[in-house]
Protein chains: 2
Amino acid sequence: MAGSSFLGPGARGEGVLSDAQGEETLATKGAGETARRVEMTIRQAIDRIVADIPGAPFKTTVDTVKSGNPDQALMGIVTTMFATDEVIDKTIKAGANFIIAHEPTFYNHQDETDWLAGDRVYDFKKALLESHGIVVWRFHDYWHSFRPDGILMGVYTALGWDKYYNSGAPEIVTVPEMTVGEVVALAKKAMGIDKMKMIGDLSAKCQRIVVMPGSGGGRAQIGALRKYQPDLLICGELNEWETSEYVRDVWYQVQKVSLLVLGHAVSEEPGMEALVPWLNARLTGVPVKHIPSGDAFGWV
Amino acid sequence: MAGSSFLGPGARGEGVLSDAQGEETLATKGAGETARRVEMTIRQAIDRIVADIPGAPFKTTVDTVKSGNPDQALMGIVTTMFATDEVIDKTIKAGANFIIAHEPTFYNHQDETDWLAGDRVYDFKKALLESHGIVVWRFHDYWHSFRPDGILMGVYTALGWDKYYNSGAPEIVTVPEMTVGEVVALAKKAMGIDKMKMIGDLSAKCQRIVVMPGSGGGRAQIGALRKYQPDLLICGELNEWETSEYVRDVWYQVQKVSLLVLGHAVSEEPGMEALVPWLNARLTGVPVKHIPSGDAFGWV
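Cut-offs applied
Residues numbered from 1 in each chain as written. Chains lettered and ligands numbered in written order. Predicted model: local features only at pLDDT ≥ 70, side-chain atom pairs only at ≥ 80, totals over all residues. Heavy atoms only, no water. Contact = heavy atoms within 4.5 Å. Buried area = accessible area lost by both parts, 1.4 Å probe. Salt bridge = Lys/Arg side-chain N within 4 Å of Asp/Glu carboxyl O. Helix = DSSP H or I, 4+ residues; strand = E, 2+ residues; numbered from the N terminus. Nonpolar A, V, L, I, M, F, W, Y, C, P; charged D, E, K, R; others polar. Pairing = 2+ DSSP bridges. pLDDT = per-residue confidence, 0-100. Least-squares fit on C-alpha atoms with pLDDT ≥ 70 in both.

A.B. asks: Kindly report on the interface of chain B and chain A, identifying the contributing residues and their values.
C.D. replies: Of the residues lining the interface, 61 residues belong to chain B; the matching set on chain A comes to 61 residues. When chain B packs against chain A, close to 5,800 Å² is buried across both sides, 57% of that on carbon and sulfur atoms. If you sort the residues of chain B by the area they bury against chain A, B:Trp241, B:Phe297 and B:Val300 come out on top, with a joint share of 15%. Across the contact surface, chain B and chain A share 6 salt bridges. In this structure, B:Arg219 and A:Glu112 form a salt bridge, with 2.4 Å as the shortest nitrogen-oxygen distance. Ranked by residue count, the leading element in the side of chain B that touches chain A is helix α8 (residues 243–252) of chain B, at 7 residues. A class-by-class count of the residues in the side of chain B that touches chain A yields 26 nonpolar, 15 polar and 20 charged. One ladder, built from 2 bridges, connects strand β6 (residues 197–199) of chain A with strand β11 (residues 298–299) of chain B; its direction is antiparallel. Looking at the pairing, A:Met198 lines up with B:Gly298 of β11(B).

A.B. asks: Hey, could you go over the confidence of the model for chain A for me, with residue numbers and the actual values?
C.D. replies: Residue and element names in this part refer to chain A. For chain A, per-residue confidence averages 90 on the pLDDT scale, and 87% of positions sit at 70 or higher. Considering only residues more than four positions removed or in separate chains, one finds that residues 1–24, a stretch of pLDDT under 50, has 68 contacts. On the interface metric, ipTM, the complex scores 0.89, and its pTM is 0.89.

A.B. asks: An account of the relation of the copies chain B and chain A is requested, with residue identities and associated values reported.
C.D. replies: To go from the first copy of the chain to the second, apply a rotation about an axis and then a shift along the same axis. The transform that puts chain B on chain A rotates by 180° and translates by 0.0 Å along the axis, for an RMSD of 0.0 Å. Here the copies are linked by what is in effect a two-fold axis. Residue B:Asn239 of chain B places its C-alpha closer to the rotation axis than any other residue of that unit, at 4.1 Å. Comparing interface residues between copies, 100% of those in chain B also sit at the interface in chain A, which points to an isologous, same-surface contact.

Right, dumping it as structure tokens:
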């Protein structure tokens with residue numbers, strides 16, 4: 001994700017702007033200058049964030065603390081899609097101690113860990129987090145519940161489609177006519193995507209585009225196709241016995257709708273990058289940086 | 001899937017061998033010859049098949065009749081992964097009336113259809129099936145419960161790895177040392193795969209390979225990684241917040257395991273092709289043909 005910006009303590013422009021792929025620190029500029037400690041615990045930061053989410057706090061949510069003690073002083077925040085070992089490592093090197101991740105840390109939606117007892121991959125990650133006092137908090141249900149949905153609007157903004165957002169039908173935009181191939185090229189460039197799966201026709205014209213980042217499930221994805229009858233559905237991930245089979249049958253019948261499957265992580269990453277200015281506006285003086293976990297996959 | 005063979009009524013070689021992608025008929029050779037009707041109902045064929053599955057019939061299974069009246073006379077069987085509109089059309093043109101599909105017909109695992117009421121894509125498929133009296137039966141749980149697992153052994157056979165099958169640890173084979181890249185090339189050629197997702201190193205050597213076609217879920221896939229500590233995991237489909245994230249973390253740590261994600265349909269297709277001779281051995285005189293539903297996706 002190009003364009004990640006780190007805003008140091010105090011105000012915009014004071015911090016270190018660095019390559020998101022490299023090693024970064026959250027210290028302010030100036031040799032010998034001691035990084036100012038923000039006078040806030042991680043728990044207080046969480047409470048401040050949740051206070052702006054409609055209907056929050058939720059009784060049932062996966063947005064819980066996955067690791068660490070939130071009562072420690074907040075040193076700096078890293079937003080990301082997945083708290084991978086690599087992201088944790090970069091967070092430690094950056095001097096931050098709070099990772100806000102959109103997705104699970106321990107390889108299952110509920111972040112249950114009983115089934116991972118004694119697993120060395122789990123043990124390594126747990127030790128890495130604990131030995132450095134890193135707090136990981138999931139920010140999934142809350143961010144999707146903000147209005148507009150923080151992930152969705154981050155994606156629309158990355159694509160230049162935020163101006164077409166309609167709160168009455170948030171998951172569809174009507175864009176100036178372009179081909180499916182042009183949408184593919186735009187998504188690749190704007191979202192840093194290498195390759196994607198698709199069904200349809202690259203030369204087909206499209207204007208009505210349903211955008212569903214992440215993994216909404218077959219009934220939601222097919223439901224949106226039925227409700228909006230779009231020219232194109234863009235999703236992050238799907239079950240290959242659900243939406244893709246529906247679209248394959250659509251394609252065999254007289255209607256035409258194309259499908260782009262971006263990949264789960266890359267489809268939502270812009271929404272976690274968009275969280276940075278949102279946090280800056282609410283947690284004045286707290287260093288916040290997006291470190292992309294990026295695409296896990298290559299293509300062969 | 002190259003090499004699909006149609007065996008006409010009677011015996012091997014009597015029927016029409018044709019391109020699996022083209023239009024086929026299940027009639028025997030010879031102008032004016034009337035296709036012999038097999039003296040068996042579809043229900044009797046199902047009962048004969050299920051009789052050879054250990055522990056069957058199952059009280060709870062998705063392997064139910066999805067469409068049509070199984071008490072009609074069996075004219076011919078088509079095996080496939082998905083009973084897509086296209087496969088149904090080809091079945092009709094081939095003069096068969098019984099589709100044995102591994103995966104759901106109506107875009108959800110349980111083939112529930114209440115949520116599709118009034119949907120024109122569903123209505124089209126339903127009318128296509130009903131107007132031609134086509135019976136669709138799912139053969140998923142039963143085929144996986146045969147020993148050796150019919151899908152798994154079909155895949156091993158396609159890859160030339162059936163000789164390494166070990167009933168004590170069916171999901172892992174130990175093959176002569178080859179690189180991950182060589183496995184990719186083999187899988188592409190043997191299984192008709194265009195492109196796949198991967199994590200790992202194409203030049204890494206591998207011998208211990210876990211093969212899990214289809215969509216086994218994160219706990220099963222990760223469980224196999226823990227149990228066997230293989231060099232390579234080959235799966236059909238995964239949830240992108242589960243196994244791939246685990247493997248990404250493995251990769252960041254000292255251990256190395258590569259992951260190939262073939263795609264769900266193409267990962268199991270050889271197992272439904274392998275069903276043809278299995279049926280021929282049990283339903284003498286019944287025309288049986290594999291019509292591949294193939295990969296729904298293209299790659300851009």
